[in-house]
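# Summary of structural features
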Amino acid sequence: DKNIYILGIESSCDDTAAAVINNGVVLSNVVATQKIHEAYGGVVPELASRAHQQNIVPVVHEALRKANIDKKDVSAIAFTQGPGLMGSLLVGASFSKSFALGLNIPLIGVNHMQAHILAHFIKTEEQAAPNFPFLALTISGGHTQLVKVTDYFEMEIIGETLDDAVGEAFDKSAKILGLPYPGGPLIDKYAQLGDPDRFPFPKPKVGPLEFSFSGLKTSVLYFIERETGADPEFIEKNRNDICASIQATIVDYLMDKLKNAVKKTGIKEIAIGGGVSANSGIRKALNDAEKSYGWKTYIPKFEYCTDNAAMIAMVGELKYKQQMFSSPDIVSQARMKF
Ligand code: KG4
Ligand code: ZN
């Protein structure tokens, strides 16, 4: 196993990424983030596909160079089959098929959502992997899912969002406040200086394990319209408190859902992933939950939380060991179940 090198390719949204993993250890993890979408306030699918087409070969070259291996050393190539933007997925899939064909190595299709969860098995000095069974909460700009994980490839979605993803709730609220895209990290920054109890926002009422965020966005919009109608400088004067209040509402809501899931399943091993795991409020709430509720919580290193190819390579390695290879006629899937 020592000489198994898996090349991972991720192209589901707006990041073109390639990584090399060897025995659970990441040798390189390269991401080309597409800046072009910033000007549009969100990801433009057609532009994303073009940028992937432009970036994919240089990104792979860089990943191999940083891992200090030749392409002939690659044991198998793993790529994101879905879910994601079709045009973006096709670039990664076609590249990977050609690479596998040219080098006569196995091809491994990977579910992006499974990869966010299995990123916890990447070996790092900071933290051990969660123990089965565990609960995974995947929170990003595209996804909000609660998953019961019984084994590497035995996962069950026990709750998900009915509308927006949690990252969208951050980004859309930020947009209402006039902050640039993606606004999540900025809300977090201002929130750390503000009073979270100043402006209470309602928490959307849905099933105990379901999520809904579109109502929160509307509440923020109406609130801001009303207040700026009375005082045009309302946002400038109260930015920190507004951000702290929005963030506290979202974090509380996520924690409520986790508490419901723990109650329902009896599982107290909690692993989070996705870009929103970077949020200081959710990190603190999870740390506190270790003491208050006796949970064991796991948060991956930031570079393995946001979209990356190391997690795809990790799943590739796990599948390689079980000979779970894909046939060359495998197709990309915009929507994909576990
Ligand atoms: O996983 P990711 O990089 O891409 C996908 O959406 O798959 O997640 C990006 C999302 C964006 O919505 C961004 O605003 C949010 O993660 N985000 C944050 C923070 N850092 C990133 N949201 C709140 N607080 C943060 N510190
Ligand atoms: Zn993702």
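From a predicted model like this one, the values you see are computed outputs, not experimental measurements. (Residues numbered from 1 in each chain as written. Chains lettered and ligands numbered in written order. Predicted model: local features only at pLDDT ≥ 70, side-chain atom pairs only at ≥ 80, totals over all residues.)

## Section: the nonpolar core
Among the nonpolar cores identified, the biggest contains 92 residues, and Ala 19 and Ala 313 are the most heavily contacted of them. Among the elements that take part in this core, helix α7 (residues 234-265) stands out by supplying 10 residues, more than any other. Split by domain, the residues of this core number at least three in each of domain 1 (6-120 + 305-321) and domain 2 (130-299). (Core = buried A, V, L, I, M, F, W, Y, C linked by C-beta atoms within 7 Å. Buried ≥ 20, exposed ≤ 12 C-beta atoms within 10 Å, placed from the backbone. Helix = DSSP H or I, 4+ residues; strand = E, 2+ residues; numbered from the N terminus. Domains from an automatic or database assignment.)

## Focus: the UniProt feature "binding site: substrate" (unreviewed entry) in the protein
Mapped onto this numbering, the UniProt entry annotates "binding site: substrate" (unreviewed entry) at Thr 138, Ile 139, Ser 140, Gly 141, Gly 142, Asp 171, Gly 184, Asp 188 and Asn 279. Here Thr 138 shows up in strand β6 (residues 134-139). Those residues within four positions of Thr 138 in sequence are excluded, and the remaining contacts are Met 113, His 116, Ile 117, His 143, Gln 145, Val 147, Gly 273 and Gly 274. Tracing the backbone shows Ser 140 in the loop between β6 and β7 (144-151). If we skip the residues at most four places from it in the chain, Ser 140 touches Ala 165, Gly 167, Gly 274, Gly 275 and Val 276. (UniProt positions renumbered as here; feature names shortened; annotations may be inferred. Contact = placed C-beta atoms within 7 Å.)

## Details of the site of ligand 1
Among the 18 residues in the neighbourhood of ligand 1, the closest are listed as Gly 141, Gly 167, Gly 184, Gly 275 and Thr 306. Of all the elements in the fold, those that place two or more residues in the shell around ligand 1 are α4 (166-176) and α5 (184-191). Residue contributions to the shell around ligand 1 reach at least three from each of two domains, namely domain 1 (6-120 + 305-321) and domain 2 (130-299). (Near = placed C-beta within 6 Å.)

## Considerations on the UniProt feature "binding site: Fe cation" (unreviewed entry) in the protein
UniProt tags His 112, His 116 and Asp 307 as "binding site: Fe cation" (unreviewed entry). Considering the C-alpha atoms alone, the annotated residues occupy 196 residues of sequence yet fold into one spot, their largest mutual distance being 8.9 Å. If you trace the backbone, His 112 turns up in helix α3 (residues 112-118). Dropping the residues within four chain positions of it, His 112 is found in contact with Ser 12, Thr 80, Gly 82, Pro 83 and Gly 84. Structurally, the position occupied by Asp 307 is in the loop between α9 (302-305) and α10 (310-321).

## Re the packing of helix α6 (residues 214-230) against α7
Two elements in contact, α6 and α7, have axes whose closest approach is 12 Å; the angle formed by their N-to-C orientations is 160°. Classified by the angle between their axes, α6 and α7 sit roughly antiparallel to one another. Remark: the crossing between α6 and α7 carries right-handed chirality. Facing α6, whose interface residues are Leu 216, Val 220, Ile 224, Glu 227 and Thr 228, α7 presents Phe 234, Ile 235, Ile 246 and Thr 249. Grouping the constituent residues of the contact of α6 with α7 by class yields 6 nonpolar, 2 polar and 1 charged. (Axes fitted to C-alpha atoms, helices over the stretch in contact; angles between N-to-C directions. Parallel < 35°, antiparallel > 145°, perpendicular 65-115°, else oblique. Left-handed = near helix turned anticlockwise from the far one by under 90°. Nonpolar A, V, L, I, M, F, W, Y, C, P; charged D, E, K, R; others polar.)

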